[in-house]
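Geometric and topological summary
Listed here are the chains, written in short residue letters.
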Amino acid sequence: MSDESDSVSSTRGLTPDDLLHTGATENPSAEDLVLASGRDLTPENLEWAERTLAREGRAAIDKRLP
């Protein structure tokens, strides 16, 4: 990724691609699921994500990514 695209992403408030992952090679965390869902990192949302990951596994994050 070029420096230019990082700075463009930063000015738009977007997460740079090199910081995103879907958990394809490892299990996604509750934080990953909250962020992929477009929610704020709050205790309530983290609890929701933990329950969702327990129920759906890795598929939970794939269902919420565009």
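First things first, this report covers the structure right here in the doc. For every chain, the first residue of the written sequence is number 1, and numbering continues from 1 along that sequence. Only residues with pLDDT of 70 or above have their local features reported here, since the model is predicted, and side-chain atom pairs are shown and tallied only from 80 upward, although totals for entire chains, interfaces and linings are computed over all residues. Hydrogens and water molecules were not included; the side-chain quantities draw on all heavy atoms of the structure.

Along the backbone of the protein chain there are four helices and zero strands. In this description a helix means any DSSP run of H or I spanning at least four residues, a strand means any run of E spanning at least two, and both kinds are numbered starting from the N terminus. Counting from the amino terminus, the protein chain carries its helices and strands in the arrangement α-α-α-α. In the protein chain, which comprises 66 residues, the proportion classed as buried is 23%. Per-residue and other accessible areas were derived by the Shrake-Rupley procedure at a 1.4 Å probe size, with only the shown protein chains allowed to occlude residues. For the protein chain, the exposed surface amounts to about 4,800 Å²; the carbon and sulfur share of it is 48%. Type-normalised accessible area, obtained with a 1.4 Å probe on protein chains alone, sets the label of each residue: buried when under 20%, exposed when over 50%, and partly exposed for intermediate values.

Tracing the chain through its elements places Thr52 in helix H3 (residues 43–56). Judged by relative accessible area, which is 1%, Thr52 ranks as buried. Note on contacts: a residue pair qualifies if any of its non-hydrogen atoms lie within 4.5 Å across the two residues. Setting aside chain neighbours within four positions, we find Thr52 in contact with Leu33, Gly57, Ala60 and Arg64.

Judged by nonpolar contacts, Ala30, Leu33, Val34, Trp48, Ala49, Leu53, Ala60 and Ile61 together constitute the single largest core of eight residues. Discounting chain neighbours no more than four positions away, the residues touching Ala30 are Leu46, Ala49, Glu50 and Leu53. In this text, buried Ala, Val, Leu, Ile, Met, Phe, Trp, Tyr and Cys residues form a nonpolar core when linked through side-chain atoms within 4.5 Å.

Within the secondary structure, Ala54 sits in helix H3. Of the residues examined, Ala54 reaches a relative accessible area of 70% and is grouped as exposed.

This paragraph deals with the side chain of Asn45. Positionally, Asn45 belongs in helix H3. The class of Asn45 is buried, set by a relative accessible area of 17%.

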